Amino acid sequence: MSTQPTGANWGFTTRCVHSDRLGDIEHGGIHKPLHLSVQYGYESASELVKVFQGEAAGFNYARQGTPTVAALEANVTAMEDGRASLCFATGMAAITAIFTTLLKAGDHLVCSRFIFGNTNSLLGTLQGLGIAVTFADATEAANVEAAITPATRMVFVETIANPRTQVADLEGIGALCKQRGLLYVVDNTVSSPWAFRPKSVGASLVVNSLTKSIGGHGNALGGAITDTGLFDWSNYPGIFPAYRKGNPAGWGLAQLKKKGLRDQGASLSSEAAHHLSVGSETLALRMAASSASAQALAEFLAAHPKVRKVYYPGLPDHAQHARAKKLFRAQSWLMAFELVDEDDCVAFIDRLSLPIVATGLGDTRSLILPVAHTIFWEMGPERRAEMGIADSLIRLSIGLEDSRDLIEDFGRALEAGA
Ligand SMILES: *Cc1c(COP(=O)(O)O)cnc(C)c1O
């Protein structure tokens, strides 16, 4: 290759499949090799010292990264149009690092009321450690604004909430956080950077569970944090003196890397990073296909007399339909619905033959489960009611099956009911 590719003007998938060419091509291999070494050696002690002191780029111990993980981080950064990214063993590990390394006892967090169940549970743990949390209906920025106190440091929202698909007021909250100087964290797992870039609404940090849209094949866990470069870390009180060095733009991620990844140890393995990188190359193709299938199935279900309500942002009667259409290139693979006959939810699922009865999201296979009885069981009826989760709610994650086959299967299962 005589000219070094720059990637500046490339489209989404071109950037993605060629992101590792922006570094060296090792031994001419056109696919990034898998680096399994835990230790990284240097020619001289002074070189090792430079790496330890952050004066030279390099690897030292795989808990803080490997070349395979770094290639995935560069790829996520390109997809999110960010400044830099950091990968973790799971999406939850990435979220845990954000809350525990950027907040401390006495700080206050405003969190969307509609969030992933394990994030909700984690916040219970943090409240026990002295971090105050207010849950707000984030579909309106005014509700977030009303929850802000002098101790508020951070606002946390999801793009399309699981399972009821509420779409946060992403632009309004972005403007609010900018005006108040608050750290704005957006979990982009369900939309994926192909359908939406949180940087476009002013997000400071973006979280992706790589396990879902980006990896896409249900064969590896992973999580990533991307710093969009928009937040001014020089004014953030929670940065330890050790990381207040050099360009302030890098302080937040430096602290997340040392206090989060290095000390907490939830590191992504090279094997998982490799699977996730290969999966990421078809993100745009898969998201387009699964979103189109989800739209077709949502329309079919919404028109069916045995279905009471379908929650999918691509439907005109969705409470945030106009916002979702404006912000997102596609409405993703997540939907939920309720049957007219409430008692039929579990029996109905058993009449389907294509979707697999399983927890999990963003797989090549469609996955289905009764929500209140499974993933939202532990939180109890009160919190379920607050989150709008009826006992009869069914969650669906649409895979890559031909949509005609999905519609046929759902049609048959509905007709076969009482
Ligand atoms: C799955 C999920 C997570 C957690 O990701 P894991 O990789 O499973 O730990 C976080 N946020 C959202 C919105 C998710 O769907």
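Summary of the structure given here.

1. Concerning the overall build of the protein
Within the protein, the regular secondary structure consists of 15 helices and 12 strands. Overall, the protein is about 75 × 55 × 35 Å in size when its C-alpha atoms are taken along their principal axes. Counting over 418 residues, the protein shows a buried share of 53%. Put simply, 70% of the contacts in the protein that link residues at least 6 apart link residues at least 24 apart. As displayed, the protein offers around 17,700 Å² of accessible surface, 54% of which is attributable to carbon and sulfur atoms. Side chains of the protein carry 36 positive and 41 negative charges; the gap between the two charge centres is 6 Å.

2. Focus on the sheet that holds strand β5 (residues 183–187)
Spatial ordering of the open sheet is given by β1-β7-β6-β5-β4-β2-β3, a layout of 7 strands whose pairing is mixed. Only two strands of the sheet have a single partner each, and these edge strands are β1 (84–88) and β3 (132–136). For this sheet the average axis-to-axis angle between neighbouring strands, irrespective of direction, equals 20°. As paired strands, strand β2 (residues 108–112) and strand β4 (residues 152–158) are joined by 4 bridges and run parallel to one another. In the sheet register, Leu109 faces β4, and the bridge partner there is Met154.

3. Some details on the nonpolar core
One finds Leu170, Met335, Phe337 and Phe348 to be the most contacted residues of the largest nonpolar core, which totals 74 residues. The residue makeup of this core includes at least three contributed by each of domain 1 (12–280) and domain 2 (283–415). When sequence neighbours within four positions are dropped, the list of residues in contact with Phe348 reads Phe337, Leu339, Ile394, Phe410, Ala413 and Leu414. Listed in part, the 34 residues of the second largest apolar core include Ile98, Leu102, Cys111 and Leu205.

4. Describing the site of the ligand
Near the ligand you find 13 residues, and of these Gly91, Asp187, Ser209, Thr211 and Lys212 are the closest. Examining the composition of the shell around the ligand, we find that 3 residues originate from one element, helix α4 (residues 91–102), more than from any other. Residues that form the shell around the ligand fall into these classes: 4 nonpolar, 6 polar and 3 charged.

5. Notes on the packing of α4 against helix α9 (residues 251–264)
Two quantities define a packed helix pair, namely the angle between the helix axes and the distance between the axes. Between α4 and α9, whose axes approach to 9 Å, the crossing angle comes to 115°. Between α4 and α9, the angle falls in the class roughly perpendicular. As for how α4 packs across α9, the hand of that crossing is right-handed. Each of Thr96, Ala97, Ile98, Thr100, Thr101 and Leu102 in α4 lies in contact with α9, whose residues at this interface are Gln255, Leu256, Lys259, Gly260 and Gln264. Grouping the amino acids of the contact of α4 with α9 by side-chain chemistry returns 4 nonpolar, 6 polar and 1 charged.

Rules behind the numbers
Residues numbered from 1 in each chain as written. Predicted model: local features only at pLDDT ≥ 70, side-chain atom pairs only at ≥ 80, totals over all residues. Heavy atoms only, no water. Helix = DSSP H or I, 4+ residues; strand = E, 2+ residues; numbered from the N terminus. Buried < 20%, exposed > 50% of the residue type's maximum accessible area, 1.4 Å probe, protein only. Contact = heavy atoms within 4.5 Å. Areas by Shrake-Rupley, 256 points an atom, 1.4 Å probe, with all protein chains shown as cover. Lys, Arg positive; Asp, Glu negative; His and termini not counted. Charge placed at Lys NZ, Arg CZ, Asp CG, Glu CD. Pairing = 2+ DSSP bridges. Axes fitted to C-alpha atoms, helices over the stretch in contact; angles between N-to-C directions. Core = buried A, V, L, I, M, F, W, Y, C linked by side-chain atoms within 4.5 Å. Domains from an automatic or database assignment. Near = heavy atom within 4 Å. Nonpolar A, V, L, I, M, F, W, Y, C, P; charged D, E, K, R; others polar. Parallel < 35°, antiparallel > 145°, perpendicular 65-115°, else oblique. Left-handed = near helix turned anticlockwise from the far one by under 90°.

Shape descriptors only; they carry no functional weight alone.
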